[in-house]
Amino acid sequence: MLEPRNSADLAPRPLESRAVFTGSLVDVAGTLHSELVTYMAAGLVVMLSGYPVEGTAAFFVFNFLRGLFFTGLGGYMASRTARSLPLRHALLTGIISLAVSIFFNLDAPGGLLSWPLVLGLLAVVPVAVLGGLLANPERNL
């Protein structure tokens, strides 16, 4: 026979700002610091070889994957830090990352409607959620 549930089990659980802050900090700080290093390295390559790497497809792909890596890591950290509802924390981290990405790319060449930027913006939230899933595959989501 089924036993009645405890009313405390049915109460909605609040989001933990600590977990979302941790995930967002890892995402934004990691992305910005790695971007600084990437552009310094690109400048060094231009200075030493005269070959401008910033406009190449390889540079775009590297930046795309670098940004998504830190977004996934931020979702992972938010999910691992949360005591409950890990996937929601990763999702909120992805939404914050999307907002920060839009803000920093408002003056991007070609505007917000350039296809590489749109592709990156569409991938941000799913990658953060994927990071959350990878952090807690066995936990209640």
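Residues numbered from 1 in each chain as written. Predicted model: local features only at pLDDT ≥ 70, side-chain atom pairs only at ≥ 80, totals over all residues. Heavy atoms only, no water.

1. What about the packing of aromatic side chains?
Put simply, the test is: We call Phe, Tyr and Trp rings a pair once their centres come within 6.5 Å, taking the six-membered ring for Trp, and we label the pair stacked below 30 degrees between planes, edge-to-face above 60, and tilted otherwise. For the exposure calls, accessible area comes from a 1.4 Å probe over protein chains only, and a residue counts as buried if that area is under 20% of its type's maximum, exposed if over 50%, partly exposed in between.
Applying the stated criterion across every chain, the model contains four aromatic pairs. Where F69 meets F70, the ring centres are 5.1 Å apart and the plane angle is 80°; that geometry is what we call edge-to-face. F69 gets classed as exposed once you look at its relative accessible area, which sits at 52%. For F70, a relative accessible area of 17% puts it in the buried group. With 5.5 Å between their ring centres and 65° between their planes, F103 and F104 make a pair best called edge-to-face. Residue classification places F103 among the exposed residues on the basis of a relative accessible area of 57%. Here F104 falls in the partly exposed class, since its relative accessible area comes to 46%.

2. Digging into unusual backbone geometry
The criterion, for reference: Secondary structure is summarised from DSSP: a helix means a run of H or I of at least four residues, a strand means a run of E of at least two, and numbering begins at the N terminus for each.
Phi at L85 is positive, roughly 50°, even though this residue is not glycine. With respect to the helices, strands and loops of the structure, L85 is situated in the loop between α3 (57-81) and α4 (86-104).

3. Section: helix α2 (residues 17-49)
Because an α-helix packs 3.6 residues into every turn, residues spaced three or four apart end up facing the same way. Operational definition: Every helix has an expected span of 1.5 Å times one less than the residues it contains. Whether two residues touch is decided by their heavy atoms; if any such pair falls within 4.5 Å, the residues are in contact.
Between the first and last C-alpha of α2 there are 47 Å, a value that for 33 residues agrees with the 48 Å anticipated at 1.5 Å per step. For α2, the full list of buried residues reads A19, V20, G23, S24, D27, G30, T31, S34, T38 and A42. Where α2 is buried, its residues meet α3 and α4. Phi turns positive, to about 80°, at G50, one or two residues after α2.

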